[in-house]
Structures are given as structure tokens and as C-alpha cells.
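Observations on the three-dimensional arrangement
Each chain, written out:
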Amino acid sequence: MWSADSDRILRHAAKLRVAVTDLAHGDNLISQWCHGLDEPHQPLSAAWIKDYPETVDAWVFGSLRALLPA
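This section reports on the structure supplied with the text. Model, not experiment: these values are computed from the prediction.

Since the α-helix turns once every 3.6 residues, residues separated by three or four places project in the same direction. Compared with the 48 Å implied by 1.5 Å per residue over 33 residues, the 45 Å span of helix α1 (residues 6–38) between its first and last C-alpha is a close match. Along α1, the positions that sit buried rather than exposed are Ala13, Ala14, Arg17, Val20, Ala24 and Asn28. Against the buried residues of α1 lie α2 (46–61).

What follows is the structure in C-alpha cells.
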């Protein structure tokens, strides 16, 4: 940790953010499939499906988001 500076931490956080976004998209898809199997007559909200990756990003990165590239 002694060799870590803010630029290095931000570079790694940006890489982690890409991975978290990919994971959120995959989780969203699998969750939709599972919900469709469990509740075939109750579709998920389109807004929830669309906003899920952004919600995960906000939860994981919080205030650090302002420092990371979009």
C-alpha cells in the first residue's frame, strides 16, 4: 500500500468499474431469466431493468464515481 498513490488507485478503480459494469449486465440478464421462470405472468419493470447497472455502479463506487471516467 505504501507505493499506491491517487493516480494508481484511480487507474485500478477505473478497471474495476468496467468489470463491475460487465458483471451487473450479466447479473441483470440472469435475474430477468430467473424472474421469468419463477413469475411468468409478472414482468419486471422496464425502468428497473434499464437502471440496474447504474444502480450497481452507484452502490459500489459511491462518491468515487465523480473521480472516474464515465
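That covers the picture; the talk isn't over yet.
Right, let's talk about the packing of aromatic side chains for a bit. One pass over the full model with this rule turns up one aromatic pair. Both rings, one in Trp48 and one in Tyr52, keep their centres 5.5 Å apart while their planes meet at 65°; by these two values the pair is edge-to-face. Separated by four residues within a single helix, Trp48 and Tyr52 lie in helix α2, roughly one turn from each other. The class of Trp48 is partly exposed, set by a relative accessible area of 43%. On the accessibility criterion, Tyr52 (17% relative accessible area) is buried.

Moving on to the packing of α1 against α2. Where α1 contacts α2, the axes come no closer than 9 Å and their chain directions differ by 140°. As judged from the angle between their axes, α1 and α2 are oblique. Judged by the twist between their axes, the crossing of α1 over α2 is right-handed. Residue-level inspection shows Ala13, Leu16, Arg17, Val20, Ala24, His25, Asp27, Asn28 and Gln32 of α1 in contact with α2, the latter providing Ile49, Tyr52, Pro53, Val56, Asp57, Val60 and Phe61. For the contact of α1 with α2, the per-class residue count stands at ten nonpolar, three polar and three charged.

Attention now moves to the nonpolar core. By size, the foremost hydrophobic cluster in this structure holds eight residues: Ala13, Ala14, Val20, Ala24, Tyr52, Val56, Phe61 and Leu68. Listing elements by their share of this core, those giving two or more residues are α1 and α2. Tallying contributions element by element places α1 first for this core, with four residues. What Ala24 contacts, discounting residues up to four positions off in sequence, is Tyr52, Pro53 and Val56.

Basis of the calculations
Residues numbered from 1 in each chain as written. Predicted model: local features only at pLDDT ≥ 70, side-chain atom pairs only at ≥ 80, totals over all residues. Heavy atoms only, no water. Helix = DSSP H or I, 4+ residues; strand = E, 2+ residues; numbered from the N terminus. Expected span 1.5 Å × (residues − 1). Buried < 20%, exposed > 50% of the residue type's maximum accessible area, 1.4 Å probe, protein only. Contact = heavy atoms within 4.5 Å. Phe/Tyr/Trp six-rings, centres within 6.5 Å; stacked < 30°, edge-to-face > 60°. Axes fitted to C-alpha atoms, helices over the stretch in contact; angles between N-to-C directions. Parallel < 35°, antiparallel > 145°, perpendicular 65-115°, else oblique. Left-handed = near helix turned anticlockwise from the far one by under 90°. Nonpolar A, V, L, I, M, F, W, Y, C, P; charged D, E, K, R; others polar. Core = buried A, V, L, I, M, F, W, Y, C linked by side-chain atoms within 4.5 Å.

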